[in-house]
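So you can see what is in the structure, the chains are spelled out below.
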Amino acid sequence: MDISDLLNNLNEPQREAVAAPPVHQLVIAGAGSGKTRVLAHRIAYLVRTGEVSPQGILAVTFTNKAARSMRDRIETMLDMPVRQMWVGTFHGIAHRLLRSHWQEAGLPQTFQILDSDDQHRIIKRLLKQMELDEARWPPKQIQWFINGQKDEGRRPDHVDHHNAPFEEQMVRIYAAYEEVCKRSGLVDFAELLLRAHEILLHNKNLLDHYQRRFQHILVDEFQDTNTIQYAWLRLLAGDNNPLFAVGDDDQSIYGWRGAKIENIQRFTKDFPNTRTVRLEQNYRSTGTILSAANALIENNSDRLGKNLWTDGSDGELILLYEAFNDLEEARYIVNSIKNCIDKGIPRNEIAVLYRSNAQSRVIEEGLLRSAIPYKVYGGMRFFERQEVKHALAYLRLISNRNDDASFERVVNTPTRGVGEKTVQMIREQARAYNITLWQAAQQLLDDKQFTARAGNAIQAFMYLIEEMAVETKDMPLHDITEAMLKTSTLIASYEKDKSEKARMRVENLAELVTAARQFEHEEDELSELDSFLAHAALEAGEGQASEYEDPVQLMTLHTAKGLEFEHVYLTGLEEGLFPHRMSMDEPGRLDEERRLCYVGITRAKQQLTISYANVRRLHGNEQYTQPSRFISELPKEYVQEVRIKRQAAVASTMQIETASSNGFQLGSRVAHVKFGEGTVTSSEGDGAHARVQVNFDDIGSKWLVIAYAKLQIL
DNA sequence: AAGATAGTCGTTTTT
DNA sequence: CGACTATCTT
């Protein structure tokens, strides 16, 4: 592809952005306007024109998925692998910097990354140690505080607590937490960013080096950057390197976790002579959907301003459905989905979006009853599962004995007679001498402080780790993993438990070996093992493996950002739910809710259906609701109300309720993903507890909870 | 050391 | 209501 090919299939503003001279650029890219395309084309253009070599490029995204797709697109366009190009997430790139310069960063070479669950555990342990009451100092809140401070670039001694006792205590905990991390060689997500910023800030040589190297810096989803990310970008850009920022202020929906929409708003002030380009032509949605979205977002203040338009047709009106209650809302959606499927729309082109996860349940139950395959996004990811984290903890100890978080996790998992009392002793020793748990245990052993039984148990654990380390020394990664699972008896302990849960865990551990086998180690200064462990922490993997090839998509509005579907159901548009009541007092937060709604609307390609219920069951009690203000912000001419007779609606609601006790008829044939086919022999309970007994052809009879088993009626 | 039971709390989530 | 946790029970 030569340069004209690169530019020919772009529209005017896209081309303007891609072929711009090497100056700062702010590309305000509306939903569906081809922003990833522009980003990838810009990079290909820079390389192809010889403006910069691949290693002179730094391209930053927020998610691993975005980073992968960006690299893929660039490589396709340039028709060559571009290994020297730095394309990655903020965290991934920060990690890479810290690995290369661990000494300057003041980290041990084998430092490990904490995910938020690890962080939570450490904080809880710390509170115990400091004898603070969890009720008064909720670990979640402390986590929030620490990460928030780090996101703002503040170390404990930078926090201005102006003699407020609460804040003062928070800072003390923050400082103590940092101590623990430092001792154990642990780095949390926010720390990756903060430290990557600090090493550049404090090392003139390093900064010079990277400023010389990265002649072009490109950032995706710029509206989501937080303070430290922005500072880091500014530092790297320096006075000479143009920054190419792509984003959409109207899609900023992560303010609540530190993203600063101000960063995109003040970009042109901070970076002088910035060229601003607006991508407003939308290639995704119908004219109707775009007009509605434009009208909605008009209600926000402080926008950079933008109006989406399309070449295509107006399409169908937006459907608005008023349901009697949440069950009836679900019933309507499920019926409507059935119609879509009958019309030939692929199931995975149909999405049900909601503000909060709790809303998925009624929808799921409805889909289950109609035997429509679906997939719920969100929830536990692969590398976050308990058994996988146990396994990773063993691997981490092989690499670094001082990893306290991992030590705590598996010192008695599977149980090997190291009781709470013994662990407590070790913790106290560690604190008294300011050493790690491993070192403390060693000391106590040397001093013969344990009772014979406890001593033997802890000794056995430590031998086990040492033995694993020796045994696996020169093994390839998947052999290390397999050996670890065996030697630690982790897999055996799950195998002897006959429950369904344990069976899944064994499967996941087997999957971990597969993941290890498939892991591609790009040789840098990291060992294959450390590299894999970093990968596991930075990329938590897929959620539930998709059991069907083509399921209806269920997810929160946040998760839906960046995706598109033929038919979108926007559900639960009720005051208090969406906009959420927690966001209604501050105008800034309400604007963010509105942006979330904007994101939801603009996910739809052909048809959008909005629904709300008059009565919703939430936290066990029924609440009367008002339609969301966002509904009234949509111009009437784009919306068509769907009416069904109220009596019919109530009647069918009751039908649902009776049907829910037994959606599966006795004697009907069903299929289960793991157990194969079978016959329903009995049932009991209703709602989420509804269970059916199925006599499977292969493995015999089993009780299954309908809500989980995802049975398909044959 | 696993299992039962009482108590709490209830947006959004990636890295 | 129901998921999750802390604490008590065997």
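Residues numbered from 1 in each chain as written. Chains lettered and ligands numbered in written order. Predicted model: local features only at pLDDT ≥ 70, side-chain atom pairs only at ≥ 80, totals over all residues. Heavy atoms only, no water.

Let's talk about the overall build of chain A
- A tally of helices and strands in chain A yields 30 helices and 21 strands.
- With the principal axes as the frame, chain A shows a C-alpha extent of 80 × 70 × 55 Å.
- When each of the 714 residues of chain A is scored for burial, the buried share is 53%.
- In chain A, the proportion of contacts linking residues at least 24 apart, taken out of those at least 6 apart, comes to 75%.
- Roughly 31,900 Å² of accessible area belongs to chain A as shown, and the carbon and sulfur atoms make up 48% of that amount.
- Here chain A contributes 85 positive and 101 negative side-chain charges, whose respective centroids are spaced 2 Å apart. (Helix = DSSP H or I, 4+ residues; strand = E, 2+ residues; numbered from the N terminus. Buried < 20%, exposed > 50% of the residue type's maximum accessible area, 1.4 Å probe, protein only. Contact = heavy atoms within 4.5 Å. Areas by Shrake-Rupley, 256 points an atom, 1.4 Å probe, with all protein chains shown as cover. Lys, Arg positive; Asp, Glu negative; His and termini not counted. Charge placed at Lys NZ, Arg CZ, Asp CG, Glu CD.)

Focus: the side chain of Ser-252
- Inspection of the secondary structure assignment puts Ser-252 in the loop between strand 7 (243–247) and helix 12 (261–265).
- On the basis of relative accessibility, which here comes to 1%, the residue Ser-252 falls in the buried class.
- Excluding residues within four positions of it along the chain, Ser-252 makes contact with Gln-223, Asp-224, Ile-261, Glu-592 and Arg-595.

Let's talk about the protein's contact with DNA strand B
- Around DNA strand B sit 25 residues in total, of which Arg-355, Asn-357, Thr-556, Ser-583 and Arg-589 are the nearest.
- For DNA strand B, the backbone makes up 49% of the atoms found within 4 Å of the protein, where backbone means sugar plus phosphate.
- Residue Arg-381 places a side-chain N or O atom 3.1 Å away from a phosphate oxygen belonging to DNA strand B.
- His-619 places a polar side-chain atom, nitrogen or oxygen, 3.1 Å from a base nitrogen of DNA strand B.
- Residue assignment for the surface near DNA strand B shows that the elements contributing at least two residues are helix 26 (557–560) and helix 27 (587–601).
- When its residues are assigned to classes, the surface near DNA strand B shows six nonpolar, 14 polar and five charged. (Near = heavy atom within 4 Å. Polar contact = N/O pair within 3.5 Å; in protein donor to acceptor, adjacent residues only side chain to side chain. Nonpolar A, V, L, I, M, F, W, Y, C, P; charged D, E, K, R; others polar.)

Re the side chain of Arg-195
- In this structure, Arg-195 sits in helix 9 (residues 189–202).
- Arg-195 gets classed as buried once you look at its relative accessible area, which sits at 18%.
- Polar side-chain contacts of Arg-195 include one of 2.8 Å to the backbone oxygen of Ala-105.
- When residues no more than four places from it in sequence are discounted, the contact partners of Arg-195 are Leu-98, Ala-105, Gly-106, Leu-107 and Arg-155.

Some remarks on the nonpolar core
- Counting residues in hydrophobic clusters, the biggest one holds 52 residues, and the most contacted among them are Phe-407, Ile-458, Phe-461 and Phe-532.
- Among the elements that make up this core, the one with the highest residue count is helix 21 (residues 452–471) (nine residues).
- Every residue in contact with Phe-461, bar those within four places of it in the chain, is listed here: Tyr-394, Leu-397, Phe-407, Val-410, Val-411, Arg-416 and Trp-438.
- In terms of nonpolar packing, the next biggest core, distinct from the first, is built from 43 residues, Leu-26, Ile-28, Val-219 and Ile-264 among them. (Core = buried A, V, L, I, M, F, W, Y, C linked by side-chain atoms within 4.5 Å.)

Topic: the sheet that holds strand 7
- The six strands lie next to each other as 3-2-6-7-1-8, forming an open sheet whose pairing is parallel. With one partner strand each, in any of the chains shown, strand 3 (86–89) and strand 8 (275–279) form the two edges of the open sheet. Each adjacent strand pair in this sheet contributes to an overall mean axis angle of 15°, direction not counted.
- Pairing of strand 1 (residues 25–29) with strand 7 involves four bridges; the strand directions are parallel. Residue Val-27 lies in a different strand from strand 7, and its bridge partner there is Val-246. (Pairing = 2+ DSSP bridges. Axes fitted to C-alpha atoms, helices over the stretch in contact; angles between N-to-C directions.)

Description of helix 25 (residues 528–538)
- In terms of burial, helix 25 is a largely internal element, eight of the eleven residues being buried.
- Within helix 25 the residues assigned to the buried category are Leu-529, Asp-530, Ser-531, Phe-532, Leu-533, Ala-534, Ala-536 and Ala-537.

Focus on unusual backbone geometry
- Note that the residue after Thr-413, namely Pro-414, is joined by a cis bond; omega there is -5°.
- Here Phe-578 and Pro-579 are connected by a cis peptide whose omega angle stands at 5°.
- Despite not being glycine, Ala-371 has its phi angle at roughly 55°, a positive value.

Let's talk about the domain arrangement of chain A
- Considered domain by domain, chain A is made up of domain 1 (3–100 + 194–280), domain 2 (112–184), domain 3 (293–381 + 549–642), domain 4 (384–532) and domain 5 (648–713).
- Counting residues at the interface gives ten residues for domain 1 and seven residues for domain 2.
- Remark: the boundary between domain 1 and domain 2 carries two salt bridges.
- Residue Glu-152 is joined to Lys-260 by a salt bridge in which the shortest nitrogen-to-oxygen separation is 2.9 Å.
- The interface formed by domain 1 and domain 2 contains four residue pairs in polar contact (both at pLDDT 80 or more).
- When contributions to the side of domain 1 that touches domain 2 are tallied by element, the ones reaching two or more residues are helix 9 and helix 11 (227–237).
- Examining the composition of the side of domain 1 that touches domain 2, we find that three residues originate from one element, helix 9, more than from any other. (Domains from an automatic or database assignment. Salt bridge = Lys/Arg side-chain N within 4 Å of Asp/Glu carboxyl O.)

Here we look at the packing of aromatic side chains
- The final tally for this structure, using the stated rule, is 19 aromatic pairs.
- Here Tyr-254 and Trp-256 contribute two aromatic rings whose centre-to-centre distance is 5.9 Å and whose plane-to-plane angle is 50°, an arrangement assigned as tilted.
- For Tyr-254, a relative accessible area of 14% gives the class buried.
- Consider the rings of Phe-578 and Phe-630, whose centres lie 5.4 Å apart with planes at 75°: the pair is edge-to-face. Separated by 52 residues along the polypeptide, Phe-578 in the loop between strand 13 (565–570) and helix 27 and Phe-630 in helix 28 (residues 629–632) bring together distant segments of the chain.
- The ring of Tyr-254 carries the charged tip of Arg-257 above its face, separated from the ring centre by 3.8 Å.
- Over the ring of Trp-438 we find Arg-401; its NZ or CZ atom is 5.8 Å from the centre of that ring. (Phe/Tyr/Trp six-rings, centres within 6.5 Å; stacked < 30°, edge-to-face > 60°. Lys NZ or Arg CZ within 6 Å of the ring centre and 35° of its normal.)

Topic: the pairing of strand 7
- Of all five residues that make up strand 7, five are buried, and the element is covered over most of its length.
- Neither face of strand 7 is exposed, since Leu-243, Ala-245 and Gly-247 on one face and Phe-244 and Val-246 on the opposite face are all buried.
- Note that strand 6 (residues 216–219) and strand 7 share three bridges and pair parallel. In the sheet register, Ile-217 faces strand 7, and the bridge partner there is Leu-243.
- Taken together, strand 6, helix 11 and strand 7 form a β-α-β motif whose crossover is right-handed. (Right-handed = clockwise from strand over helix to strand, strands pointing away.)

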